[in-house]
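What follows is each chain in one-letter form.
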Amino acid sequence: MPRPKKGARLGGSPQHQKQLLANLASSLIIAEAITTTEAKAKLLRPYAEKLVTKAKKGGVHQQRLVVGTIHDKDAANKLFSEIGPRYEHRNGGYLRILKLGPRPGDNAPMARVEFV
């Protein structure tokens, strides 16, 4: 079993962070752009880019790995049918993080994550 990463986690436990990133990734795949906090956006980028790389490779095994990671078959189908072929000739850097102003309620720094 892999050791959890050291340092602060989003929301407390490693299981919560894993589910949070899976939900953010599936929302990003379905909507192709989401607005979230900067900390979540910075953790989401490598997570989602690895999923796009698996979609570029294609195949049943890769699709099952992605479904096991994000637990959303509709998002995985969109990832493999639309998003993966779009970045076939790109060697990484599929996502862009645009920093927005602070959130009015709690002054948290916000960011927009979108596909390039």
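For the structure, see preceding data.
Scoring rules and cut-offs
- Residues numbered from 1 in each chain as written.
- Predicted model: local features only at pLDDT ≥ 70, side-chain atom pairs only at ≥ 80, totals over all residues.
- Heavy atoms only, no water.
- Helix = DSSP H or I, 4+ residues; strand = E, 2+ residues; numbered from the N terminus.
- Buried < 20%, exposed > 50% of the residue type's maximum accessible area, 1.4 Å probe, protein only.
- Contact = heavy atoms within 4.5 Å.
- Pairing = 2+ DSSP bridges.
- Axes fitted to C-alpha atoms, helices over the stretch in contact; angles between N-to-C directions.

### Things to note about the side chain of Ser26
- Inspection of the secondary structure puts Ser26 in helix α1 (residues 14-31).
- The exposure class assigned to Ser26 is buried, which follows from its relative accessible area of 8%.
- Those residues in contact with Ser26, other than ones at most four positions away along the chain, are Asp72 and Ala75.

### Points about the pairing of strand β2 (residues 95-102)
- Across six bridges, the pairing between β2 and strand β3 (residues 109-115) is antiparallel. Residue pairing for β3: Ile97 is matched across the bridge by Val113.
- Joining the antiparallel neighbours β2 and β3 is a turn of six residues, in which Asn107 adopts a positive phi near 65°.

### Re the sheet that holds β2
- Reading across from one edge, β1-β3-β2 is the order of the three strands in this open sheet, with antiparallel pairing throughout. Each edge of the sheet is formed by a strand with only one pairing partner; in this case those strands are β1 (33-37) and β2. Adjacent strand axes in the sheet meet at a mean angle of 25° when their direction is disregarded.

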